[in-house]
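# Survey of secondary and tertiary structure
Residue-level listing of the chains:
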Amino acid sequence: MRKITLALCAAGLFVLAPGIAAADGAAAFKKNCATCHGADGKGETAMGKKMKIAPLAGLAEDKIKAAIDGGVKREKDGVKQEMKPMKDKLGADYDAVVAFVKGLK
Ligand code: HEC
């Protein structure tokens, strides 16, 4: 039993470690943005649907930064869309998150 557990743990680490090392932008996005935008940026979350959030793919860097720096306040089909400025919250992860959003397809 113990051997099986150890083997499973080792296999788990093997699978997870490269993902964590390669993707802190994705991890930071997941932590700070995914409640509304979804981990894949498509906005298919309860919050995303409630606020009619469009997919984030295909945005230019200046738009991405403007939204993160200053937040967003809009209205779409009578629905209030609001996002607080997130720059301070991201701190050192800022650039990685911008790069991650830029890379979304
Ligand atoms: C409380 C929910 C919420 C959170 C958390 C949130 N956002 Fe947003 N975000 C919105 C809403 C609402 C909009 C405006 C709706 C839209 O653009 O479809 C928006 C818009 C944006 C836009 C602009 C899209 C455009 O068309 O100009 C970007 C870029 C963006 N968010 C990135 C992020 C990033 C990066 C994070 C995490 C650091 C984040 N958001 C966290 C709700 C949120």
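What you see is a predicted model; the values in this text were computed from it and never measured. (Residues numbered from 1 in each chain as written. Predicted model: local features only at pLDDT ≥ 70, side-chain atom pairs only at ≥ 80, totals over all residues. Heavy atoms only, no water.)

### Observations concerning the site of the ligand
If you check the shell around the ligand, you find 21 residues, and the closest are C33, C36, H37, A54 and M83. Take A54: an N or O atom from its main chain is 2.8 Å from an oxygen atom of the ligand. One nitrogen or oxygen atom from the side chain of R74 is found 2.8 Å from an oxygen atom belonging to the ligand. When its residues are assigned to classes, the shell around the ligand shows 16 nonpolar, three polar and two charged. (Near = heavy atom within 4 Å. Polar contact = N/O pair within 3.5 Å; in protein donor to acceptor, adjacent residues only side chain to side chain. Nonpolar A, V, L, I, M, F, W, Y, C, P; charged D, E, K, R; others polar.)

### What about the confidence of the model for the chain?
Put simply, the chain has an average pLDDT of 87, and 78% of its residues get 70 or more. Note that pLDDT drops below 50 for residues 18-22; the model gives that stretch one contact with residues more than four away or on any other chain. (pLDDT = per-residue confidence, 0-100. Contact = heavy atoms within 4.5 Å.)

### Concerning the coordination of the iron atom of the ligand
For the iron atom of the ligand, the full set of protein donor atoms is H37 (NE2) and M83 (SD), at a range of 2.0 to 2.1 Å. Each of the six donor atoms bound to the iron atom of the ligand contributes to angles spanning 88 to 179 degrees, and the resulting shape is octahedral. One end of the pair, H37, is in helix α3 (residues 34-37); the other, M83, is in strand β2 (residues 79-83), with 46 residues separating them in the sequence. Residue classification places H37 among the buried residues on the basis of a relative accessible area of 12%. (Donors = N, O, S within 2.8 Å, 3.2 Å for Na, K, Ca; no water. Tetrahedral: all angles 85-135°; square planar, octahedral: opposite > 155°, others 65-115°. Helix = DSSP H or I, 4+ residues; strand = E, 2+ residues; numbered from the N terminus. Buried < 20%, exposed > 50% of the residue type's maximum accessible area, 1.4 Å probe, protein only.)

### A word on the packing of aromatic side chains
For any pair of aromatic rings, the description rests on two quantities: the centre-to-centre distance and the angle between the ring planes. Under the defined criterion, the tally for this structure stands at one aromatic pair. On the basis of an interplanar angle of 45 degrees and a centroid distance of 5.1 Å, the ring pair of F29 and F100 is categorised as tilted. Residue F29 is found in helix α2 (residues 24-32), and its partner F100 is found in helix α7 (residues 94-102); the two are separated by 71 residues along the sequence. For F29, a relative accessible area of 2% corresponds to the buried category. Judged by its relative accessible area of 21%, F100 is partly exposed. (Phe/Tyr/Trp six-rings, centres within 6.5 Å; stacked < 30°, edge-to-face > 60°.)

### Details of helix α5 (residues 61-70)
Each α-helix winds once per 3.6 residues, and so residues spaced three or four apart point in a common direction. Residues of α5 that are buried: I64, A67 and I68. Take α5 and look down its axis: the buried residues cluster within an arc of 95 degrees, on one side only. For α5, the exposed residues set more than 90 degrees away from the buried face come down to D62 and G70. Residues of α5 that are buried in the fold lie against β1 (72-76), β2, α6 (87-90) and α7. (Arc of directions from axis to C-beta.)

### Quick notes on α7
Three or more residues of α7 are buried, namely Y94, V97, V98 and V101. Viewed along the axis of α7, the buried residues span an arc of 100 degrees, placing them on a single side of the element. In this fold, the buried residues of α7 make contact with α2, α5 and α6.

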